[in-house]
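Chain and residue survey
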Amino acid sequence: MADDDGSQEKTEEATPRRLEKAKEDGETARSKELATTAVLMAGAGGLLIFGTHLGAALEAIMRDAFTLERSAIFDMRHMSVQLIASAKAAAWALSPILAMLLVAAIAGSIGIGGLLFSGKSIAPKLSRMNPIKGIGRMFSSRSLIELFKAIAKVGLVLTIAILILQVRTVDLLSISAEPTVPAMEHVLWTLGWSFFLLSCATIIIAVIDVPFQIYDHQKKLKMTMQEVKDEHKDSEGKPEVKGRIRQLQREMSQRRMMQDVPTADVVITNPTHYAVALKYDPSRMAAPMVVAKGGDELAFKIMEIARENKVEILRTPPLARAVYHNSDIGQEIPDGLYMAIAQVLAYVFQLRQFRKGHVDKPTMPNFPIPSDLRRDT
């Protein structure tokens, strides 16, 4: 069968449970090209924004480092103090650019797929150490795509670099005739804009790579029809298991219900199809409550327990059907049946008094049932 041979095509979209499991395993869409572009753009922008400040700071560091006073020559600690001071000044000058690079690296990494923490993605897996599978991955379609992207990226950046050099050739040659300080500023400005233009070249690669990575991730998460069915069975439960659980729940509910029958004041019956056990405690209940009900075999069982515990059984077919169909176990009877059930309880009380010899035998009244609650056979 097709369901068993594993040859089915993955045509179904990933279910919410499959997507959640993929996140738990650390599987999400990621684009290295987007992260690379974000870092390069941030670095180029940082050089353009803070280049002047950085150049001035580096100039000051070099001036201090190469300027020695006579007293410093005989100070053994001067070299280490000067080194620490230069390192602090360089770190402070580079800190804005480094901060931009950090933000860009994080933003580029979570640009698609969002922020995700998973220990499973970094856990060692023996399957990754299989040399045969490793060779297979080297010659897979995904590796070929990555190779094509790398070649395209190098070719695009190289083309842009050649164009920049052609445009800037005269400008670069003119730097040699400038004084030192203006020449350094000119060089930094030229490098900053050239680097920025080269970084812009990677935007083209990222624009192509991001949709591809999203599509490839969704494709990997696709499922076969059998996988969807199996997941549904696992999440919702197999039909036979669910049926068995429902059966056990019914049996437990019936056992609890049967335990309440001896506490009932009266059982009204159809008598062959329905039986309803009613209880009324004026100190705790606002109205009579149904403690048990059932049909056919369950009705006979309720009547059997009632006889064993000397609970009054009253044959009232219309009223039994009305209570059975309009009330649930553990709930009070409907408002429209208050009068009828009150007469039932009064009649049962009179029967008890009659058996004790206190009153004459009562006559069963005609219990009133509203037309909207009546259930005729």
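Scroll up a little and you will see the structure.
Residues numbered from 1 in each chain as written. Predicted model: local features only at pLDDT ≥ 70, side-chain atom pairs only at ≥ 80, totals over all residues. Heavy atoms only, no water.

Time to look at the packing of aromatic side chains. Counted according to the given criterion, the structure contains 2 aromatic pairs. With a centroid separation of 5.7 Å and 85° between ring planes, the pair formed by W193 and F196 is classed as edge-to-face. Of this pair, W193 and F196 both sit in helix α7 (residues 180-221), 3 residues apart, roughly one helical turn. Here Y274 and Y324 contribute two aromatic rings whose centre-to-centre distance is 4.5 Å and whose plane-to-plane angle is 40°, an arrangement assigned as tilted. Placement of the pair is Y274 in strand β2 (residues 274-279) and Y324 in helix α11 (residues 317-326), with a sequence separation of 50 residues. (Phe/Tyr/Trp six-rings, centres within 6.5 Å; stacked < 30°, edge-to-face > 60°. Helix = DSSP H or I, 4+ residues; strand = E, 2+ residues; numbered from the N terminus.)

This paragraph deals with the sheet that holds strand β3 (residues 289-295). Judged by pairing direction, the sheet is mixed, and its 4 strands sit side by side in the order β3-β2-β1-β4 without closing on themselves. The outermost strands of the open sheet, each flanked by one partner alone, are β3 and β4 (312-315). This sheet shows a mean twist of 20° between the axes of neighbouring strands, independent of strand direction. In this sheet, β2 lies alongside strand β1 (residues 266-269) in antiparallel orientation, the contact comprising 4 bridges. Note that in β2 the partner of T269 across the bridge is A275. Contacts from helix α10 (residues 297-308) reach β1, β2, β3 and β4, with the element oriented near 130° to β3. Lying on the sheet, helix α12 (residues 338-355) is in contact with β1, β2 and β4; it crosses β4 at an angle near 125°. (Pairing = 2+ DSSP bridges. Axes fitted to C-alpha atoms, helices over the stretch in contact; angles between N-to-C directions. Contact = heavy atoms within 4.5 Å.)

Quick look at the pairing of β1 now. The alternating pattern of β1 places V266 and I268 on one face and V267 and T269 on the opposite face, and all of these are buried. Bridge analysis of β1 against β4 gives 4 bridges, and the strand direction is parallel. Across the sheet, T269 pairs through a bridge with R315, a residue of β4. (Buried < 20%, exposed > 50% of the residue type's maximum accessible area, 1.4 Å probe, protein only.)

The first and last C-alpha atoms of helix α6 (residues 141-174) sit 49 Å apart over 34 residues, in line with the 50 Å expected at 1.5 Å per residue. The largest bend in α6 amounts to roughly 60° and is located at R168. (Expected span 1.5 Å × (residues − 1). Bend = angle between axes of the 7 residues up to and from the residue.)

Most peptide bonds take the trans form, and the phi angle of most residues other than glycine is negative. We note that D296 has phi near 55°; this positive angle belongs to a residue other than glycine. Looking at D296, the relative accessible area reads 45%, which means it is partly exposed. If you check the backbone angles, K310 has positive phi at about 60° while not being a glycine. Structurally, the position occupied by K310 is in the loop between α10 and β4. Taking the relative accessible area as the measure of exposure, K310 reaches 76% and is therefore exposed.

With that settled, the discussion passes to the pairing of β2. By the criterion of burial, β2 is predominantly enclosed, with 5 of the 6 residues buried. Between β1 and β2, which pair antiparallel and follow one another directly, the connecting turn spans 4 residues. Where β2 meets β3, 6 bridges bridge the pair, whose relative direction is antiparallel. Note on β3: the bridge partner recorded for A277 is A292.

By the element assignment, Q353 lies in helix α12. The exposure class of Q353 is buried, given its relative accessible area of 19%. Discounting chain neighbours no more than four positions away, the residues touching Q353 are H358 and V359.

This part covers the environment of W92. With respect to the secondary-structure elements, W92 resides in helix α4 (residues 78-109). Between the C-alpha atom of W92 and that of A57, which follows or precedes it by 35 residues, the distance is 9.0 Å.

Moving on, we come to the packing of helix α2 (residues 32-65) against α4. At a minimum axis distance of 8 Å, the contact between α2 and α4 shows a crossing angle of 170°. Our classification of the angle between α2 and α4 gives roughly antiparallel. Its residues assigned to classes, the contact of α2 with α4 comprises 21 nonpolar, 8 polar and 1 charged. (Parallel < 35°, antiparallel > 145°, perpendicular 65-115°, else oblique. Nonpolar A, V, L, I, M, F, W, Y, C, P; charged D, E, K, R; others polar.)

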